[in-house]
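# Residue-level structural notes
Residue-level listing of the chains:
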Amino acid sequence: MNKVYAVGIGPGGAAFMTEAARAALAASDVVCGYTVYVDLVRPLFPQKTFYAAPMMQEIERCRWALGEAEQGKTVAMVCSGDAGVYGMAGLLIQLAEEYECVEIEVVCGVTAAVSGAAVLGAPIGHDFCVISLSDLLTPWDLIEERLRCAARGDFIVCLYNPKSKKRIEHLGRACEILLEEKSPDTVCGWVKHIGRSGQESNIVALSALAGEPVDMFTTVWIGSSKTQVCGGRMVTPRGYENGGKLGCAAKP
Ligand code: SAH
């Protein structure tokens, strides 16, 4: 039907997918995307045609989807989390300008900042920002500047792409920058493989964060000055308790 759905499938298993995402997949003739995400939805729709493409072929992948839609198919482009958060929704909309008859529909999904926060407790209960440490498409200097600004604003900072095999030093450098403004005791947490088998998490002080076993399948939260550990969970109070600590430990 000359349509491409940009579908955020949530962090992992079927339980984290919205009904709207499921309906978009059910309505599609072809499901395409990065191999890991295609493999996550394949068991739910075994009768569908799948097209999996490796990383770093984003433009080709989008053009392939748009080409299929131009020929009359309904295509679902799957992304983990939300399709518009470091996902393919924007690129699809940009490229679709060249494919007059093709409609793009973005179907929102649960992004890692939100799904992983639930695993840790309630770390983003107050103003937060999301920063990706990937410098593949963003100059590293700009990433450093954003980290500094976030620390100055006392935001809770959620880090995507904290580390990869090629970028092992990025999380350590990010911690150094944040420590220029933030206390070494700042409560931090990370979750690996959110909603997937092998899910792991931990809550640590900012001074210890760089030594944690964080990789590219991990999301990291650095608390604000108000973030606490409460019953073993990471919590940033909204302020209902009027500044009181309600018996929680301020530090991990
Ligand atoms: N569109 C995705 C983000 C893609 S960028 C979303 O909205 O969630 C890739 C980064 O997202 C990873 O490096 C990691 O930091 C985070 N991420 C995505 N899925 C994750 C998961 N299931 N568990 C932990 N982190 C995840």
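Before reading on, note that the structure itself is shown above.
These lines cover the structure that appears in this document, whether it is placed above or below. (Residues numbered from 1 in each chain as written. Predicted model: local features only at pLDDT ≥ 70, side-chain atom pairs only at ≥ 80, totals over all residues. Heavy atoms only, no water.)

## A look at the sheet that holds strand β7 (residues 128–132)
Defined as follows: The pairing criterion is simple: DSSP has to find at least two bridges between the two strands. The helix and strand labels rest on DSSP assignments: H or I over at least four residues marks a helix, E over at least two residues marks a strand, and numbering proceeds from the N terminus. Here an angle of 0 to 180 degrees is reported between the N-to-C directions of two axes, which are lines fitted to C-alpha atoms, with helices fitted over the stretch in contact. The contact criterion used throughout is that any non-hydrogen atoms of two residues lie within 4.5 Å.
Strand order in the open sheet made by the five strands is β7-β8-β11-β9-β10, with mixed pairing throughout. Sheet topology places β7 and β10 (200–205) at the edges, where each strand pairs with a single neighbour. Each neighbouring strand pair of the sheet contributes to a mean axis angle of 20°, computed without reference to strand direction. Packing of helix α5 (residues 112–120) onto the sheet brings it into contact with β7, β8 (156–160), β9 (187–192), β10 and β11 (218–222), and relative to β11 it is tilted by some 70°.

## Considering the packing of aromatic side chains
Test applied: Stacked, edge-to-face and tilted are the three classes for Phe, Tyr and Trp ring pairs, Trp counted by its six-membered ring, which pair at centre distances within 6.5 Å; planes under 30 degrees apart are stacked, over 60 edge-to-face, the rest tilted. Per-residue accessibility, obtained with a 1.4 Å probe over protein chains only, is compared with the maximum for each type, and a residue is labelled buried under 20%, exposed over 50%, and partly exposed between these values. Charge over a ring is defined by NZ of Lys or CZ of Arg lying within 6 Å of the ring centre and within 35 degrees of the ring normal.
Summed over the entire model, instances satisfying the criterion amount to three aromatic pairs. Measuring from ring centre to ring centre gives 5.3 Å for tyrosine 86 and tyrosine 160, while their planes differ by 55°; the resulting arrangement is tilted. Of this pair, tyrosine 86 sits in the loop between β4 (74–79) and α4 (89–96) while tyrosine 160 sits in strand β8, placing them 74 residues apart in sequence. According to the relative accessible area criterion, tyrosine 86 is partly exposed, its value standing at 48%. A residue is classified by how much of its surface remains accessible, and tyrosine 160, at 10% relative accessible area, is buried. Over the ring of phenylalanine 50 we find arginine 42; its NZ or CZ atom is 5.0 Å from the centre of that ring.

## Observations concerning the nonpolar core
Defined as follows: Grouping buried Ala, Val, Leu, Ile, Met, Phe, Trp, Tyr and Cys residues that are joined through side-chain atoms within 4.5 Å yields what is termed a nonpolar core.
Core analysis: the largest hydrophobic core is formed by 23 residues, its most contacted members being Ile131, Leu133, Leu147, Val157, Leu159, Leu209 and Ile222. Those elements that place two or more of their residues in this core are β7, α6 (140–152), β8, α7 (170–181), β9, α8 (206–209) and β11. Once residues within four sequence positions are removed from consideration, leucine 133 is found in contact with Trp140, Ile143, Leu147, Leu159, Tyr160, Asn161, Pro162, Arg167, His170, Leu171 and Ala174. Counting 20 residues, the second largest nonpolar core, distinct from the first, contains Cys32, Met77, Cys79 and Ala89.

## Remarks on the pairing of β4
Along a regular strand, successive side chains alternate from one face of the sheet to the other. Where burial is concerned, most of β4 is hidden: six out of the six residues are buried. Burial along β4 is two-sided: the residues Thr74, Ala76 and Val78 and Val75, Met77 and Cys79 are all buried. Pairing geometry for strand β2 (residues 30–34) and β4, over four bridges, is parallel. Paired with cysteine 32 across the two strands is methionine 77, which belongs to β4.

## Quick notes on the environment of cysteine 158
Note on placement: cysteine 158 falls in strand β8. The class of cysteine 158 is buried, set by a relative accessible area of 0%. Measuring from C-alpha to C-alpha, the distance between cysteine 158 and methionine 1 comes to 38 Å, with 157 residues separating the pair along the chain. Not counting chain neighbours up to four residues away, the residues in contact with cysteine 158 comprise Ala113, Cys129, Val130, Ile131, Thr219, Val220 and Trp221.

## A closer look at unusual backbone geometry
Unlike most non-glycine residues, tyrosine 86 shows phi in positive territory, near 50°. At histidine 193, a residue that is not glycine, the phi angle is positive and equals roughly 50°. Looking at where histidine 193 falls in the secondary structure, it is placed in the loop between β9 and β10. Histidine 193 gets classed as partly exposed once you look at its relative accessible area, which sits at 22%.

## A look at the pattern of salt bridges
Which entries qualify depends on this criterion: By salt bridge we mean one thing: a side-chain nitrogen of Lys or Arg within 4 Å of a carboxyl oxygen of Asp or Glu.
Throughout the structure, instances matching the rule amount to twelve salt bridges. Between aspartate 39 and arginine 42 there is a salt bridge; the shortest N-O distance is 3.3 Å. The residue arginine 148 makes a salt bridge to glutamate 180 at a minimum N-O spacing of 3.9 Å. In this pair, arginine 148 is assigned in helix α6 and glutamate 180 in helix α7, connecting sequence segments 32 residues apart. Through salt bridges with shared partners, one network takes in Glu144, Glu145, Arg148, Arg173, Glu176 and Glu180.

This is a description of form; function is not addressed.
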